[in-house]
Amino acid sequence: MKRLIALFAVITLFASILVGCDYNRNGKQQYYVQTVGDPNDNGEYTLPAFDEKGNELKLTFMKTGENRKFKEHAFLRIYVKDTDRVTAYEEVSKDELPTKVKDKLNIK
């Protein structure tokens, strides 16, 4: 009976860890973009993105869901794996942008 309880505790702990992890965001490089213009015919945006140090990278990504277009001039935090694969994104406020990103995007 004690082994069964211990096994149940280990399984519960492991399951709670898995639920708390976001594999699309954890351990990924973060870049920031400002959405400008419309997506191409495939629904993809190709925009300059900047990391917190101000380093630039051209990223191609698309919005998921019903509406395939981002708000014009929205700020996004993009999660990138291997410098070319976008795994997740989220809209952020201007105040959440790192200073060097604001400089690169000419935001006061």
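Residues numbered from 1 in each chain as written. Predicted model: local features only at pLDDT ≥ 70, side-chain atom pairs only at ≥ 80, totals over all residues. Heavy atoms only, no water.

1. Thoughts on the packing of aromatic side chains
Evaluated as defined, the whole model comprises four aromatic pairs. Consider the rings of Tyr45 and Phe61, whose centres lie 6.0 Å apart with planes at 20°: the pair is stacked. Of this pair, Tyr45 sits in strand E2 (residues 44–50) while Phe61 sits in strand E3 (residues 56–62), and the two are 16 residues apart along the sequence. Connected via pairs of aromatic rings, a cluster forms that spans Tyr45, Phe61, Phe70 and Tyr89. (Phe/Tyr/Trp six-rings, centres within 6.5 Å; stacked < 30°, edge-to-face > 60°. Helix = DSSP H or I, 4+ residues; strand = E, 2+ residues; numbered from the N terminus.)

2. Things to note about the pairing of strand E5 (residues 85–92)
Where strand E4 (residues 75–81) meets E5, seven bridges bridge the pair, whose relative direction is antiparallel. From the neighbouring strand, Ile78 faces E5, where its bridge partner is Tyr89. (Pairing = 2+ DSSP bridges.)

3. Let's talk about the nonpolar core
In this structure, Tyr31, Val33, Tyr45, Leu47, Ala49, Leu57, Leu59, Phe61, Phe70, Leu76, Ile78 and Val80 together form the largest nonpolar core, which totals 12 residues. Elements represented by at least two residues in this core include exactly strand E1 (29–34), E2, E3 and E4. Ignoring anything within four residues of it in the chain, the contact list for Tyr31 reads Ala49, Phe50, Asp51, Asn55, Leu57, Leu59, Leu76, Arg77, Ile78 and Val80. Core analysis: the next-biggest nonpolar cluster, separate from the first, contains eight residues, Tyr32, Phe50, Leu97 and Ile107 among them. (Core = buried A, V, L, I, M, F, W, Y, C linked by side-chain atoms within 4.5 Å. Buried < 20%, exposed > 50% of the residue type's maximum accessible area, 1.4 Å probe, protein only. Contact = heavy atoms within 4.5 Å.)

4. Notes on the side chain of Thr35
Inspection of the secondary structure puts Thr35 in the loop between E1 and E2. With residues near it in sequence (within four places) discarded, Thr35 still touches Leu47, Phe70, Lys71, Glu72, His73, Ala74 and Leu76.

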